[in-house]
Amino acid sequence: MAVEDLGCPWLPYYHQSMIVELGHFALILALFVAGLQMVMPLVGAHKRWSGWMAVAEPAALTQAALLIVSFIALTYAFVVSDFSVRLVTLNSHTLKPMLYKVSGVWGNHEGSMLLWCLILAVFGALVALFGNNLPDGLKARVLGVQAAIGVAFLSFLIFTSNPFLRLAVPPLNGRDLNPLLQDPGLAFHPPFLYLGYVGLSTSFSFAVAALIEGRVDAAWGRWVRPWTLLAWVMLTIGIALGSWWAYYELGWGGFWFWDPVENASFMPWLISAALLHSAIVVEKREALKAWTILLAILAFGFSLIGAFIVRSGVLTSVHAFANDPERGVYLLAITGFFMGGALMLYAFRAGAMQAKGVFGTVSRESALVLNNVLLAVATFVVFIGTIWPLLAEMAFDRKVSVGPPFFDATFTPFMILLALVLPLGTVMPWKRAKVGRVMRPLRIVVLLAFSVAALVWVVQTERSLMAPMGAFLGSWLVFGAGLDLWTKTGTDVSAKLGRALRLPRSDWGRVVAHSGLGVTIIGISLMLAWETEDIRVAHVGDTFTVAGYEINLARVDDIEGPNYFSTAAELRVSKNGREVAVLYPEKRVYPVAAMPTTEAAIDNGIFRDIYLVIGDEQPGGGWAVRSYVKPFANWIWAGAIIMSLGGFLSLTDRRFRVAAGARKRPVGVPAE
Amino acid sequence: MILRVLLLCLLMAAPAFAVEPGEVLDDPALETRARDLSKELRCLVCRNESIDESNAGLARDLRLLVRERLVAGDTDEEALAFIVDRFGEYVLLNPPVTGSNVILWVAGPVLFLTALGVSGAYIRRRRSDTAPTALSSDEEARLAELMDD
């Protein structure tokens, strides 16, 4: 409805255009295309009708193009603040900075589901574009299964959460995005997470297609690995962004809360890490096939369960934005259908997956089996802890909470074991290893890691074991990765550099990713063991000391931002008389959403963060000030970035690009 | 102007962070214990936050209660029991290992041992497998088909 129809000529001009209808139309059309893409290739592959199978590729490309159009249309509505669109009214505001107008598109249930569907279709299109080396039948089936997931989510989007619905009477301005979400860290956190969640749908499609065909071989392992790797890298970045955001935004420097929503992203991460490793065994040794298929199914299953947990609100959590039972039921049905169907297929067909590779008890294969056991059990622990409150209430009528103390106690041991075993596994040869020969070079790594731990023990003033243990594990991983690189480059020391540069990218990927894990472990344990906290009332002009830093509250001002008001303090931090940093922590209020936020001020350093928060003005004068010194905090996220870099390196490995005709070559020949 | 006044009210109403300076006990040992206990208690009106992290008024009341009990000479266990008596088991973030919760606690270790057993058996079987046997008739047929292509 146009403004004139309301008979209100004094209403200010606002945008309202056909583009939104175009987007809406493209969305509905995408559902039909996805339907075609689901039925024709699957039937065609079954009946061996090449004409029907050939529909898969153009359909996948068309579906992705339509959803891109649809997504652009919605973004346009947010950018021009078209408040006739209900979603824009509920989640945007004209005063909001442009970045957050755009990120507002996915900062809500409907828009984020559209993004989800878009990514699903884009992954399908990527399989169509880069899958030239896939056999026709497998490709058609993969795209068909991918489209089936698309049909489920597109109809969920259109029928329960349509983002393009208009308002009959558009308001003058919007209700603004949740201020906590107006943050660069969080603006890009969901897209990365969705790339990860949805990326796992491709591994799932490959697994189901392989089950339908009843055949898994080395080539299959090679095809499924890059998709899993891509999804895992995106999940790593997404989780790290979320954790970094929590660290600086929530005002006390926590980085992981074991919140159901965090767990929802962590479970697919753990399972896809397991899948990455077991797919290597399929590729190199043609063993663990049935298990790898199961992992591929479960990895996407955990993504679906995650979507259900976040959006149904059954497990109440800090940042779930859609609590709607109807949507929950629909998502549960989608999860049930795809998991039930895939697992049933698995039950019938998994027996046919004949393993070929034979290996000894001490071998790379066995080490990777242990890796999978540890990661799978760790995932299960997170899973049962996350759903236990629900289970206990339904089954035992007992209202319980499961919080960080439980997860810390039950999850950490498996991670410690994993870190202990990891370097052993990387230097282990395939097929059969001699314990003595493998252990010998590792002695120097043990020695180095012990020296680091001893150094940490001597340096610290606390008498806790956490820091030295974490330092040992972390440096064991980092030095172990170094040894991995060293042993792969031969005995001639002068030729090492050249050889290292010529190593396959997947070798580099492994070395880099494993040392990233070590860096993260060091960061977490040293920060938790050594952080200092100080809570006090400070008057303007006061100076106080926290962990050797003198902090001076210079002044406190009221300032005004584009869409918020703020109380900002100026704090001067110095050490031994030398000024280290001037920090401006703020307390903001976003009037439209009527919500206060704390903006901590952080001086980032390689070895420590200084983290300051300003609180309320006290009745007796002065301000509440919270100060933290957090050693090695940045190592946590630096490690995550290094891990994802390792994943990227591995992704660019030659064998993933030049895998054409892989099935024609004799199978089971290791590439190393 | 009205907005500004409104905002001031909001600012007053919204505490900036969890533990306020006024709550902190003078005895550092007691305060450390109080903080550790706070991390194990759930803020009842929040979603999945401990009272140590929460800004809510109720969380503050609970924090003060914990400190009161500790100052009165309670041990950590007595202080927790005092609070569980009043607010129920739901308040504990660390689910006690009693009754049905035993399942929760042993699920991970039991699965781990099972998985070790199963994978150990699998690895033993892999090891004892003889060299690849001759092609099955299916595979022979498939090979012939491929060779014809």
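Residues numbered from 1 in each chain as written. Chains lettered and ligands numbered in written order. Predicted model: local features only at pLDDT ≥ 70, side-chain atom pairs only at ≥ 80, totals over all residues.

A tally of regular secondary structure across chain B gives six helices and zero strands. Listing every helix and strand of chain B by position from the N terminus yields α-α-α-α-α-α. A burial count over chain B gives 26% of its 149 residues as buried. If you take every contact in chain B between residues at least 6 apart in sequence, the share linking residues at least 24 apart comes to 48%. (Helix = DSSP H or I, 4+ residues; strand = E, 2+ residues; numbered from the N terminus. Buried ≥ 20, exposed ≤ 12 C-beta atoms within 10 Å, placed from the backbone. Contact = placed C-beta atoms within 7 Å.)

Moving on: the environment of Ala209(A). All names here are of chain A. Position of Ala209 relative to the elements: it lies in helix H9 (residues 189-213). Of the residues examined, Ala209 has 25 C-beta atoms within 10 Å and is grouped as buried. Spatially, the C-alpha atoms of Ala209 and Leu172 are 51 Å apart, while their sequence positions differ by 37 residues. Ignoring sequence-local partners within four residues, the contact set of Ala209 consists of Leu138, Arg141, Val142 and Val145.

Another aspect to go through is unusual backbone geometry. Residues and elements named next belong to chain A. Of note, the phi angle at Ser81 is positive, near 55°, even though the residue is not glycine. Residue position: Ser81 is located in the loop between helix H3 (56-79) and helix H4 (86-91). The exposure class of Ser81 is partly exposed, given the 19 C-beta atoms found within 10 Å. Although it is not a glycine, Trp258 adopts a positive phi angle of roughly 55°. Here Trp258 is to be found in the loop between helix H10 (218-249) and helix H11 (260-285).

This next bit is on the domain arrangement of chain B. What the domain assignment reports for chain B is domain 1 (14-91) and domain 2 (97-128). Inter-centroid distance (C-alpha atoms) of domain 1 of chain B to domain 2 of chain B is 37 Å. (Domains from an automatic or database assignment.)

Right, let's talk about the packing of helix H3 (residues 57-71) of chain B against helix H4 (residues 76-87) of chain B for a bit. Relative placement of two packed helices is described by the angle separating their axes and the distance separating the axes. Residue and element names in this part refer to chain B. Across the interface, H3 lies against H4 with an axial gap of 9 Å and an inter-helix angle of 135°. Classed by the angle they form, the pair H3 and H4 counts as oblique. Classified by chirality, the crossing of H4 by H3 is right-handed. Contacts between H3 and H4 involve Leu65, Val66, Arg69 and Leu70 on the former and, on the latter, Ala79, Phe82 and Ile83. Taken together, the residues of the contact of H3 with H4 break down into six nonpolar, no polar and one charged. (Axes fitted to C-alpha atoms, helices over the stretch in contact; angles between N-to-C directions. Parallel < 35°, antiparallel > 145°, perpendicular 65-115°, else oblique. Left-handed = near helix turned anticlockwise from the far one by under 90°. Nonpolar A, V, L, I, M, F, W, Y, C, P; charged D, E, K, R; others polar.)

Further remarks concern the domain arrangement of chain A. When the parts of a complex come together, some accessible area is lost, and that lost area is often taken as the interface size. Residue and element names in this part refer to chain A. Domain annotation for chain A reports domain 1 (14-182), domain 2 (221-232 + 242-298 + 306-325 + 340-433) and domain 3 (532-633). Computed over C-alpha atoms, the centres of domain 1 and domain 3 are 43 Å apart. With nine residues of domain 1 at the contact, the number on the domain 3 side is seven residues. Its residues assigned to classes, the side of domain 1 that touches domain 3 shows four nonpolar, two polar and three charged.

Residues and elements named next belong to chain A. Note: strand S2 (residues 543-546) against strand S3 (residues 549-560), four bridges, orientation antiparallel. Bridge pairing links Val546 to Tyr549 in S3. Between the antiparallel neighbours S2 and S3 lie two residues, among them Ala547 with a positive phi of about 50°. (Pairing = 2+ DSSP bridges.)

This paragraph deals with the packing of helix H17 (residues 466-488) of chain A against helix H19 (residues 505-530) of chain A. Residue and element names in this part refer to chain A. For the pair H17 and H19, the least separation of the axes is 8 Å and the interaxial angle reads 170°. Considering the angle they form, H17 stands roughly antiparallel to H19. The two elements H17 and H19 cross, and the hand of that crossing is left-handed. Here the residues of the contact of H17 with H19 sort into 19 nonpolar, seven polar and four charged.

The interface of chain B with chain A comprises 42 residues on the first partner and 52 residues on the second. For the side of chain B that touches chain A, the secondary-structure elements that each account for two or more residues are helix H1 (2-13) and helix H5 (101-128) of chain B. The biggest single contributor to the side of chain B that touches chain A is H5(B), with twelve residues. Within the side of chain B that touches chain A, the residues separate by chemical class into 24 nonpolar, eight polar and ten charged.

Residues and elements named next belong to chain A. Reading across the sheet, the four strands line up as S1-S10-S9-S8 and stay open at both edges, with antiparallel pairing between neighbours. This sheet does not close on itself; its edge strands, each paired only once, are strand S1 (532-538) and strand S8 (601-603). Averaged over all pairs of adjacent strands, the angle between their axes in this sheet comes to 15°, without regard to strand direction. Inspection of the sheet shows S8 paired to strand S9 (residues 608-617) by three bridges, in the antiparallel sense. The residue bridging Ile602 from the neighbouring strand is Tyr611, located in S9.

Proteins that are soluble and globular tend to have nonpolar side chains buried together. By size, the foremost hydrophobic cluster in this structure holds 229 residues, and its most contacted members are Ala30(A), Cys117(A), Ile119(A) and Ala296(A). The element best represented in this core is H10(A), accounting for 21 residues. Counting residues in each nonpolar core, the second largest holds 15 residues, with Ile51(B), Val66(B), Leu70(B) and Ile83(B) among its members. (Core = buried A, V, L, I, M, F, W, Y, C linked by C-beta atoms within 7 Å.)

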